[in-house]
Amino acid sequence: MRLPIMYTMSWPERVPVSDATWPRLDFTKANNLTFKAPDRAKYPSLDLAYGAGRMGGTMTGVLSAANEQVGERGGHVG
């Protein structure tokens, strides 16, 4: 995931990636990691993703394909 995260953080530019510019996360040296409950009002599709995961099978793939189709339509369903 290091490379996709770096591309996302540096978009639209490309930053050279190496251990010197983007070192691996060493959990033994991390001082503090804080996790909070997700904001379901801000991310309403999160419940769909959890539901697809609970259903199992190929439902997460179906959700991903539906997301791709919405993206191709400019974010509009219908």
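We now turn to the structure provided with this report. Just so we're clear, the structure is a prediction, and the values are computed from it rather than from any experiment.

Moving on to the overall build of the chain. Across its full length, the chain carries 3 helices and 0 strands. Rg of the C-alpha trace for the chain: 17 Å, well past the compact-globule value of 12 Å for 78 residues, more than 25% over. In terms of principal-axis extent, the alpha carbons of the chain reach across some 45 × 30 × 25 Å. Relative to its 78 residues, the chain shows a buried fraction of 4%. If you sum the accessible surface of the chain, you get close to 7,100 Å²; carbon and sulfur atoms cover 60% of it. If you average the places of the 9 positive and of the 7 negative side-chain charges in the chain, the two averages end up 5 Å apart.

So, about helix α3 (residues 59-72). Taking 1.5 Å per residue, 14 residues should reach 20 Å; α3 reaches 20 Å between its end C-alpha atoms and fits that length. The positive-phi residue at the C-terminal boundary of α3 is Gly-74, with phi of around 75°.

With that settled, the discussion passes to the pattern of salt bridges. What the rule picks out here adds up to 1 salt bridge. Here Arg-40 and Asp-47 are joined by a salt bridge, their closest N and O atoms 2.5 Å apart. Relative accessible area serves as the criterion here: at 38%, Arg-40 is assigned to the partly exposed category. Owing to a relative accessible area of 40%, Asp-47 belongs among the partly exposed residues under this scheme.

Rules and cut-offs
- Residues numbered from 1 in each chain as written.
- Predicted model: local features only at pLDDT ≥ 70, side-chain atom pairs only at ≥ 80, totals over all residues.
- Heavy atoms only, no water.
- Helix = DSSP H or I, 4+ residues; strand = E, 2+ residues; numbered from the N terminus.
- Rg over C-alpha atoms; globule rule 2.2 N^0.38 Å.
- Buried < 20%, exposed > 50% of the residue type's maximum accessible area, 1.4 Å probe, protein only.
- Areas by Shrake-Rupley, 256 points an atom, 1.4 Å probe, with all protein chains shown as cover.
- Lys, Arg positive; Asp, Glu negative; His and termini not counted.
- Charge placed at Lys NZ, Arg CZ, Asp CG, Glu CD.
- Expected span 1.5 Å × (residues − 1).
- Salt bridge = Lys/Arg side-chain N within 4 Å of Asp/Glu carboxyl O.

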